[in-house]
Amino acid sequence: MDEEKIEISKDLTIPQLFYRQCKRYGSGKVAMREKEFGIWRPFTWQDYFDNVKYLSLGMVSLGLKKGDKVAMIGDNRPEGVWAEMAAMCAGAIPVWLFQDCMMEEVKYIVDHSDSRFFVGETQEEVDKALAIMPRCPKLEYIIWDDPKGMRRYNQEFLMSIKKTQELGRKLDQKEPGLFEKLINEGHGEDICLLFYTSGTTALPKGALLTHYNMLSMGQNLMAVDPCYDTDDFVSYLPFAWIGEQMMSISCGLQIGYTLNFPEEPETAQHNIREIGPHVMFAAPRLYEGLTRQVQVKYLDSTWIKRKAYEVATKIGYYVADLKFEKKPIPWYWKVLNYFANIILQKKLKDHLGMSRLRHAYTGGAAMGPDHFRFFHALGVNLKQIYGQTEIAGISVVHMDGDIKFDTVGTPIPETEVKITEDGEIISKSPSVFQGYYKMEEETKKTLKDGWLYSGDTGFIDEDGHLVVFDRSKDVMVLNDGRPFAPQYLESRLKFSPYVQDAWVIGDKLPHVTAVMCIDYSVVGKWADEHKINYTSYPELSQHPEVYNLIQKQIEEANKGLPGPARIYKFVNLFKAFDADDDELTRTSKLRRGFMAQRYKDIVDVLYKDQGNVHLDMTITYEDGRIQPIKTDLRIQEIAM
Amino acid sequence: MNTTGEVQEGEVLLKLEDIFMAFGKVQALNGVSLEVKKGEIHSIIGPNGAGKTVMMNCINGLYHPQKGNIYFKGQRINGFLPHKRAELGIGRTFQKLELYGGMTVLDNIKMGSHIHLKSGILSGSFYVGKTRAEEIEERQFIEEEIIDLLEIEGIRDQVAHMLPYGLQKRVELGRALALRPDVILLDEPMAGLNLEEVEDMARFILDINEEERWKVTCVLVEHDMGVVMDISHRVLVLDFGNMIIDGPPEEVSKNPKVIKAYLGEEDLYISRK
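Just so it is clear, the model here is predicted, and its values are computed rather than measured.

Draft legend 1. Spatial organisation of the overall build of chain A. For chain A, the count of helices and strands is 21 helices and 29 strands. Compactness check: chain A gives a C-alpha radius of gyration of 25 Å against a globular reference of 26 Å for 640 residues, within 12% of the reference. With 640 residues in all, chain A has 48% of them scored as buried. Once local pairs closer than 6 in sequence are excluded, the contacts in chain A between residues at least 24 apart make up 66%.

This is the structure we're talking about:
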């Protein structure tokens with residue numbers, strides 16, 4: 001491959017870059033793969049180009065114009081990237097939605113963004129679009145790509161991607177060169193994406209990002225951690241999350257690595273193992289899940305394997321800690337670590353799909369030091385990333401060999417990070433967004449003199465690393481007046497495989513308490529082994545033995561904390577937190593304000609001398625149905 | 001597969017004529033007749049012990065009725081053994097699962113299409129020649145059509161008995177489809193499933209019935225009245241071996257005798273709607 005350096009400038013757009021990459025690699029290189037019908041199917045850059053070209057022209061012939069918004073929803077698949085690129089090539093602006101968005105969220109975003117086109121994957125998404133159409137007068141066309149179940153839909157405004165591409169072919173015959181003309185009309189400072197942030201507090205806000213924002217961010221990240229066009233990346237996190245856009249578009253397109261799409265979301269973990277990606281970026285929840293998976297397998301395995309694991313991880317932890325402290329590693333530890341690698345780490349990494357991994361990033365929420373150390377002990381180069389949608393994804397990252405697990409690292413090139421007098425983190429870079437769509441007030445609050453006000457508090461430590469304390473509004477004050485980040489304790493709790501989620505309460509209150517969600521499958525298995533009968537999550541969660549089990553996990557997390565910061569009382573919730581109930585954002589962050597209202601009864605009782613709390617509330621199912629639930633929960637106190 | 005003449009859409013594909021079946025003194029079927037037209041979903045409903053499963057067993061040859069005739073594609077199949085009827089194109093699923101528990105999902109489904117394999121032991125032992133070609137073709141059929149249709153990509157390599165009940169039901173349907181049947185007998189496919197699984201299963205049944213690729217005629221025994229009334233073209237109601245009515249769902253649901261036989265189940269019907 002001829003190494004022609006691509007200059008990222010304010011003149012370059014993503015479609016122009018796409019055009020150049022397609023011409024450069026042609027049909028000699030695989031641009032993406034999708035596992036379909038049990039087999040990995042490749043698409044070359046030429047296939048990619050043709051699909052995008054005709055889809056783009058097809059939408060143009062349906063009336064798509066520069067600046068129009070195109071709402072998109074669906075799982076990660078080549079068609080998703082094609083549709084996004086096709087819209088951009090026509091000068092339109094893609095708006096991604098989370099595939100598990102409830103109807104009202106879809107309606108709000110489609111309507112607020114003034115979308116004229118809607119690209120959905122299957123019948124399910126088409127049904128959502130049809131249901132909101134009467135309330136979204138600006139929506140004109142719905143395009144879908146999976147024909148399953150679509151046999152009875154024959155409305156004129158409904159069209160398959162294939163059919164749209166046929167229209168595109170016709171237009172191309174009529175007006176050859178139109179596609180190239182459309183691409184050349186773009187400018188790097190045009191808006192390329194409208195990104196609705198999940199928001200832990202209010203309605204979603206639409207962040208406007210330009211081509212230059214996206215590309216400069218990718219360039220600056222890869223200046224720190226280079227990627228190569230021979231790399232593989234597995235795209236399986238929602239496209240509606242900036243992190244995925246950052247990896248697939250900002251970095252992926254720029255460097256030309258291969259995007260791999262899993263067969264189904266359920267097979268993602270397995271497919272990752274088959275591919276063995278070189279880079280990955282995921283929210284902490286995923287790494288927490290992997291950790292839990294390993295811990296559960298460990299509990300399940302034979303004595304000899306458990307011993308091998310214990311010895312090998314001990315060595316791994318010791319070596320990782322030396323690296324964290326930037327101390328030299330004595331040769332005998334190196335030898336031991338070599339053996340630990342052979343007996344355990346190598347195999348474990350293979351199972352997790354991390355054998356070839358050069359850089360793994362986590363971001364979007366805080367990740368506990370325990371999880372962080374766990375991966376480093378395995379020899380996985382896991383790094384923290386800090387950033388927002390409003391800065392095209394990231395602004396701060398750990399540099400290789402300079403990793404401190406309580407920080408998020410140092411700014412990437414061309415990026416300045418400062419702390420205001422109030423302790424708020426502000427940043428400035430070429431990737432800072434252009435404002436919120438149709439929300440001037442919000443924009444003014446967030447964007448001042450080119451500085452992005454994050455709403456997060458933190459400080460810069462003696463090594464120049466940024467420490468993110470927490471969302472300003474989430475920082476608690478303990479009864480002794482000290483500030484405290486509940487996320488820290490929550491992530492410690494989540495290191496236990498039995499705990500799926502935790503919500504720590506205690507702001508300006510006499511002591512710290514917690515609402516715990518057990519991990520149904522792990523605790524369920526534990527209950528089976530201990531001959532405890534149960535029929536459902538609510539019943540299992542309320543079992544006294546399970547309370548004792550959870551208490552042990554809390555005591556473990558409490559260790560080493562000052563008295564006032566320790567959890568003093570807890571309750572097991574009858575369900576796990578869920579985004580459908582608005583308890584989490586779509587990127588799995590706790591919405592504390594909302595939770596405090598929703599579970600007011602629980603919070604009240606946690607601070608009274610009462611043993612039980614009666615709840616009478618509703619829960620929402622994934623398909624939007626709402627059901628009332630009445631239950632009693634027990635409060636348990638932990639002896640200090 | 002199709003040994004007799006091709007049956008056209010709307011023509012009678014499966015016909016039961018005046019079937020009598022008794023176990024000792026218990027009269028399980030008392031002169032029941034049924035005509036299933038090609039392309040239909042024909043449901044059989046009735047209270048417990050009405051004889052629904054007995055009827056299924058008569059169609060697929062597990063039971064042989066004492067009186068009456070069974071025709072499939074115009075051919076009288078009374079004396080045929082179950083595997084012969086399967087060859088003719090009658091597939092079925094069971095009320096109580098009958099999967100090969102120790103085998104993977106993929107192997108279970110492959111078993112369904114075993115009947116169509118023509119290659120011999122010799123080439124089979126070495127995976128050469130015809131076996132290879134057949135296997136590749138089967139793989140394509142099972143992977144691209146069945147597994148994709150039933151959305152079980154994530155469990156294809158898992159052992160069947162380790163799966164949750166709802167998924168096992170799906171696998172059973174997959175195995176029946178692998179036979180490439182003309183008519184499929186579904187014995188309580190929704191029993192024991194939660195609401196979401198019921199919705200999925202109903203969707204799959206509609207898919208195999210309507211989708212151009214499948215166009216499978218379905219005989220459905222089911223207790224879930226909401227589903228039956230929603231997806232069936234015709235409904236036959238049995239009560240203690242006697243036929244009460246056979247007609248389109250709108251007619252059946254208004255019939256006073258049916259309402260009486262189902263008294264008390266009305267709530268269920270409403271709740272599932």
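Draft legend 2. Expanded view of the overall build of chain B. Looking only at helices and strands, one finds 11 helices and 10 strands in chain B. Here the C-alpha atoms of chain B give a radius of gyration of 19 Å, agreeing with the 19 Å that 2.2 N^0.38 yields for 273 residues. Each of the three principal axes of chain B carries a C-alpha extent, and together these read 60 × 40 × 35 Å. If you take every contact in chain B between residues at least 6 apart in sequence, the share linking residues at least 24 apart comes to 70%.

Draft legend 3. Local environment of the interface of chain A and chain B. Every contact between the two is made by 8 residues of chain A and, on the other side, 9 residues of chain B. Split by residue class, the side of chain A that touches chain B holds 1 nonpolar, 3 polar and 4 charged.

Draft legend 4. Main features of the sheet that holds strand β1 (residues 12-23) of chain B. Residue and element names in this part refer to chain B. Ordered by their spatial adjacency, 4 strands build an open sheet running β2-β1-β4-β5, and the pairing between neighbours is antiparallel. In this open sheet, the two strands that pair with only one neighbour each are β2 (26-37) and β5 (75-76). Alignment of strand β4 (residues 67-72) against β5, held across 2 bridges, turns out to be antiparallel. Following the sheet pairing, Phe72 is matched in β5 by Gln75.

Draft legend 5. Structural context of the sheet that holds strand β26 (residues 512-518) of chain A. Residue and element names in this part refer to chain A. Here 5 strands make up an open sheet; going across it, the order is β25-β26-β27-β29-β28 and the pairing mixed. Of all strands in the sheet, those with a lone pairing partner are β25 (499-505) and β28 (612-620), marking the two edges. Neighbour-to-neighbour, the strand axes of this sheet turn through a mean angle of 30°, independent of strand direction. In the packing of helix α19 (residues 544-558) onto the sheet, the strands contacted are β25, β26, β27 (567-572) and β29 (626-637), and the crossing angle to β27 comes to about 145°.

Draft legend 6. Quick peek at helix α9 (residues 242-255) of chain A. The end-to-end C-alpha distance of α9 of chain A is 18 Å, a good match for the 20 Å that 14 residues give at a rise of 1.5 Å each. Backbone geometry just after α9 of chain A places Gly256 of chain A at a positive phi near 85°.

Draft legend 7. How the structure looks around the nonpolar core. Residues and elements named next belong to chain A. Of all hydrophobic cores here, the largest spans 138 residues; its most connected members are Ala86 and Leu97. The biggest single contributor to this core is helix α2 (residues 45-61), with 9 residues. Not counting residues up to four positions away in its chain, the partners in contact with Ala86 are Val52, Leu55, Ser56 and Met59.

Draft legend 8. Fine view of the domain arrangement of chain A. Residues and elements named next belong to chain A. Taken domain by domain, chain A holds domain 1 (14-273), domain 2 (281-355 + 357-472) and domain 3 (475-637). Look at where the C-alpha atoms of domain 1 and domain 2 centre, and you get two points 29 Å apart. Contacts between the two partners involve 31 residues from domain 1, matched on the other side by 29 residues from domain 2. Of all the secondary structure elements, the ones that give two or more residues to the side of domain 1 that touches domain 2 are β8 (191-197), β9 (205-210), α8 (211-224), α9 and α10 (268-275). Here the element with the most residues in the side of domain 1 that touches domain 2 is α8; it accounts for 9 residues. Grouping the amino acids of the side of domain 1 that touches domain 2 by side-chain chemistry returns 17 nonpolar, 11 polar and 3 charged.

Draft legend 9. Highlighting the domain arrangement of chain B. Residue and element names in this part refer to chain B. Under the domain assignment used here, chain B contains domain 1 (7-89 + 181-273) and domain 2 (101-180). On the side of domain 2, 12 residues touch domain 1, which itself brings 14 residues to the contact. Among the elements of the structure, α2 (82-88) and α7 (195-210) are those that each provide at least two residues to the side of domain 1 that touches domain 2. For the side of domain 1 that touches domain 2, the leading source of residues is α7, giving 5 residues. Split by residue class, the side of domain 1 that touches domain 2 holds 8 nonpolar, 2 polar and 4 charged.

Draft legend 10. Highlighting the packing of helix α1 (residues 14-25) of chain A against helix α3 (residues 78-89) of chain A. All names here are of chain A. At a minimum axis distance of 8 Å, the contact between α1 and α3 shows a crossing angle of 115°. Two packed elements cross with a definite hand, and for α1 against α3 that hand is left-handed. Contact with α1, carried on its side by Ile14, Pro15 and Phe18, involves Met85, Met88 and Cys89 of α3 and no other residues of that element. Tallied by class, residues from the contact of α1 with α3 come to 6 nonpolar, no polar and no charged.

Draft legend 11. How the structure looks around unusual backbone geometry. Residues and elements named next belong to chain A. Within the chain, Phe37 stands out as a residue other than glycine whose phi angle is a positive 50°. Following the sequence through the fold, Phe37 ends up in the loop between β1 (30-36) and β2 (39-44). Among the residues examined, Phe37 registers 15 C-beta atoms within 10 Å and is labelled partly exposed. In this structure, Ala392 takes a positive phi of about 60° despite not being glycine. By secondary structure assignment, the location of Ala392 is in the loop between β14 (382-386) and β15 (396-397). By C-beta crowding, Ala392 is classed as buried, having 31 other C-beta atoms within 10 Å.

The rules behind the values
- Within each chain, residues carry numbers counting from 1 in the order of the written sequence.
- The lettering of chains begins at A and the numbering of ligands begins at 1, in the order of writing.
- Residues qualify for local features only when their pLDDT is at least 70, as the model is predicted, and side-chain atom pairs are given and counted only at 80 or more; totals for whole chains, interfaces and linings, by contrast, use all residues.
- Strands are runs of DSSP state E lasting at least two residues, helices are runs of H or I lasting at least four, and both sets are numbered from the N terminus onward.
- The size measure is the radius of gyration over C-alpha atoms, and the globule rule it meets is 2.2 Å times the number of residues to the 0.38 power.
- Residue burial is a threshold on neighbouring C-beta atoms within 10 Å of the residue's own C-beta, all placed from the backbone, with 20 or more meaning buried, 12 or fewer meaning exposed, and counts in between meaning partly exposed.
- Two residues qualify as being in contact provided that their C-beta atoms, derived from the backbone, are within 7 Å of each other.
- For this classification, the nonpolar set comprises Ala, Val, Leu, Ile, Met, Phe, Trp, Tyr, Cys and Pro, the charged set comprises Asp, Glu, Lys and Arg, and every other residue, Gly included, is treated as polar.
- Paired strands, in this sense, are two strands between which DSSP finds at least two bridges.
- Note on definitions: angles span 0 to 180 degrees between N-to-C directions of axes, and those axes are lines fitted to C-alpha atoms, for helices only across the stretch in contact.
- The span one expects for a helix is its residue count, reduced by one, times 1.5 Å.
- In this description, a nonpolar core means buried residues of the types Ala, Val, Leu, Ile, Met, Phe, Trp, Tyr and Cys, linked to one another by C-beta atoms lying within 7 Å.
- The source of the domain bounds is an automatic or database domain assignment.
- Handedness of a helix crossing follows the sense of rotation of the near helix relative to the far helix, less than a right angle counterclockwise being left-handed and clockwise being right-handed.

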